[in-house]
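# Fold and geometry: a report
Spelled out, the chains give:
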Amino acid sequence: MQEGFAHRPVMLDEVLQGLRIKPQGCYLDGTFGRGGHAVAILEQLEEQGRLYAMDKDPEAVRAAQRAFGSDERFHIHHGSFTELRAMTERLGVFGRLDGVLFDLGVSSPQLDDASRGFSFQKDGALDMRMDNTRGQSAAEWLSEVDEKILSEVIKQYGEERFARRIARAIVEVRKEKPVVTTQQLADLIANAVPTREKNKHPATRTFQAIRMVINRELEDAEEGLKQAVDALAPGGRLAVISFHSLEDRLVKRFMRKESKGEELPPDLPVMGNPQQGRLKVIGKALKASAQEVQDNPRARSAMLRIAEKVA
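About the thresholds
Residues numbered from 1 in each chain as written. Predicted model: local features only at pLDDT ≥ 70, side-chain atom pairs only at ≥ 80, totals over all residues. Heavy atoms only, no water. Helix = DSSP H or I, 4+ residues; strand = E, 2+ residues; numbered from the N terminus. Buried < 20%, exposed > 50% of the residue type's maximum accessible area, 1.4 Å probe, protein only. Contact = heavy atoms within 4.5 Å. Areas by Shrake-Rupley, 256 points an atom, 1.4 Å probe, with all protein chains shown as cover. Lys, Arg positive; Asp, Glu negative; His and termini not counted. Charge placed at Lys NZ, Arg CZ, Asp CG, Glu CD. Core = buried A, V, L, I, M, F, W, Y, C linked by side-chain atoms within 4.5 Å. Salt bridge = Lys/Arg side-chain N within 4 Å of Asp/Glu carboxyl O. Patch = residues over 30% accessible without salt bridge, like charges linked within 9 Å, V, L, I, M, F, W, Y side chains within 5 Å. Pairing = 2+ DSSP bridges. Right-handed = clockwise from strand over helix to strand, strands pointing away. pLDDT = per-residue confidence, 0-100. Expected span 1.5 Å × (residues − 1). Axes fitted to C-alpha atoms, helices over the stretch in contact; angles between N-to-C directions. Parallel < 35°, antiparallel > 145°, perpendicular 65-115°, else oblique. Left-handed = near helix turned anticlockwise from the far one by under 90°. Nonpolar A, V, L, I, M, F, W, Y, C, P; charged D, E, K, R; others polar.

Each helix and strand counted, the chain has 13 helices and eight strands in total. Dimensions of the chain, computed from C-alpha atoms along their principal axes, come out at roughly 60 × 60 × 40 Å. Counting every position in the chain, which comprises 311 residues, the buried fraction comes to 52%. When contacts within the chain are restricted to residue pairs at least 6 apart in sequence, those whose partners lie at least 24 apart make up 67%. With an accessible surface of roughly 15800 Å², the chain has 47% of that area assigned to carbon and sulfur atoms. One finds the centroid of the 47 positive side-chain charges in the chain at a distance of 5 Å from the centroid of its 47 negative side-chain charges.

Grouped together as the largest cluster of nonpolar side chains are 62 residues, with contacts concentrated most on Leu-97, Val-100, Phe-102, Leu-126, Leu-185, Phe-207 and Leu-238. In terms of residue count, helix H11 (residues 217-231) provides more of this core than any other element does, six residues in total. Not counting chain neighbours up to four residues away, the residues in contact with Leu-97 comprise Cys-26, Tyr-27, Leu-28, Tyr-52, Thr-88, Ala-231, Leu-232, Ala-233 and Gly-236. By size, the runner-up hydrophobic cluster in this structure holds 32 residues, among which are Val-10, Phe-32, Leu-42 and Ala-67.

On to the pattern of salt bridges, then. Counting across every chain of the model gives 22 salt bridges. Among the salt bridges present, the one from Asp-220 reaches Lys-56, with a minimum N-O distance of 2.9 Å. With a gap of 164 residues between them, Asp-220 in helix H11 and Lys-56 in the loop between strand E2 (50-55) and helix H3 (58-68) connect regions that are remote in the sequence. A salt bridge links Glu-258 to Arg-278, with the nearest nitrogen and oxygen atoms 3.0 Å apart. One end of the pair, Glu-258, is in helix H12 (residues 245-260); the other, Arg-278, is in the loop between H12 and strand E6 (279-281), with 20 residues separating them in the sequence. Judged by its relative accessible area of 23%, Arg-278 falls in the partly exposed class. Because the salt bridges share partners, they merge into one network encompassing Arg-85, Glu-89, Asp-230, Glu-258 and Arg-278.

Taken together, the side chains of Lys-155, Arg-164, Arg-165 and Arg-168 present a region of like positive charge at the surface. For the positive patch, the element with the most residues is helix H8 (residues 163-176), which contributes three residues. Relative to the elements of secondary structure, Lys-155 occurs in helix H7 (residues 147-158).

Assignment of secondary structure puts Asp-55 in strand E2. Arg-116 provides the closest opposite charge to the buried, salt-bridge-free Asp-55, at an N-O distance of 7.5 Å. The residues contacting Asp-55, other than those within four sequence positions of it, are Thr-31, Phe-32, Gly-33, Ala-60, Val-61, His-77, His-78 and Gly-79.

Let us look at the pairing of strand E3 (residues 74-78). Note: E2 against E3, five bridges, orientation parallel. In the sheet register, Leu-51 faces E3, and the bridge partner there is Phe-74. For the crossover that starts at E2, traverses H3 and ends in the parallel E3, the hand is right-handed.

Let's shift gears to the confidence of the model for the chain. When pLDDT is averaged along the chain, the result is 92; 93% of the residues meet or exceed 70. Within the model, pLDDT remains below 50 along residues 1-6, and this stretch shows 19 contacts once partners closer than five positions in the same chain are excluded.

The phi dihedral of Asn-199 falls on the positive side, at around 60 degrees, and the residue is not glycine. Mapped onto the secondary structure, Asn-199 falls in the loop between helix H9 (182-192) and helix H10 (204-214). Even without being a glycine, Arg-216 presents a positive backbone phi close to 50 degrees. In this structure, Arg-216 sits in the loop between H10 and H11. In this structure Arg-216 comes out as partly exposed when scored by relative accessible area, which is 47%.

For the rest of this paragraph, the subject is H11. For H11, spanning 15 residues, the distance from its first C-alpha to its last is 20 Å, which sits close to the expected 21 Å at 1.5 Å a residue. Residues of H11 that are buried: Glu-217, Leu-218, Asp-220, Ala-221, Gly-224, Leu-225, Gln-227, Ala-228, Val-229 and Ala-231.

With that settled, consider the packing of H8 against H9. Packing of H8 against H9 brings their axes to within 9 Å, and their N-to-C directions diverge by 125 degrees. With respect to H9, the axis of H8 lies oblique. The two elements H8 and H9 meet at a crossing, and its hand is right-handed. Facing H8, whose interface residues are Arg-165, Ile-166, Ala-169, Ile-170 and Val-173, H9 presents Leu-185, Leu-188, Ile-189 and Ala-192. Here the residues of the contact of H8 with H9 are counted per class, giving eight nonpolar, no polar and one charged.

This is how it looks when you write it as structure tokens:
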């Protein structure tokens, strides 16, 4: 692999097999991240092949430009994959993509950089924005969000049973001083919950929930999936890696719905053939191998789903 991209991305072999890379094909990586999947795809493309990439994170875009800026087969766009349709239309490849990859969630570089505020392993500013050039930071959001809404967010996106306790504690603390660092928030949560999950920090679920709402992760994923199917050519593949149950449930339901086609009321008489689905689900959801999880613990919750556009 190219220097600077030696890290092996999650479920690489399964992704490449699922996408069925054609040497002269046209592909889109909707979440460039560290670039591991991207460089592996490029290694299989010939001169006529193309790889388009997107990422919300300006640092990821800069890394991509440094690594692949002189490669005529590669193009990257700074923005959410909700802009997928607009980008592919502008580049003249809408409806012509042979494969789209989404690697959902936060990337390793974002987690490892304390200044980004995604992790409580090291103290840093409570930011959590994937695109730190726009929108509210987590600290700004926490300074004004209503307690009831905060509790609902932590419960829904973090699946946290102590959501009300945590929300109440945050609101009480911010009356005295703003919550502005990851360590401050993590300690506050740890003091608010009465019991501990085995091998899991008590702040894990709340950090996930706040990050997801700050970045509109589920909303963007749902819209990105719709646009990806539109942008695929017939026979093109959609591969999606998710890392927690909320994401995977969304992907599973989307693929199932798109594979069934238009659902009509059971008592409605239908003339001719009803509209067929646009996707065919390929196999069952895949998990990372035991060896990969041993080599990279972050892969333990990864789930890969693949579908093919049929119409």
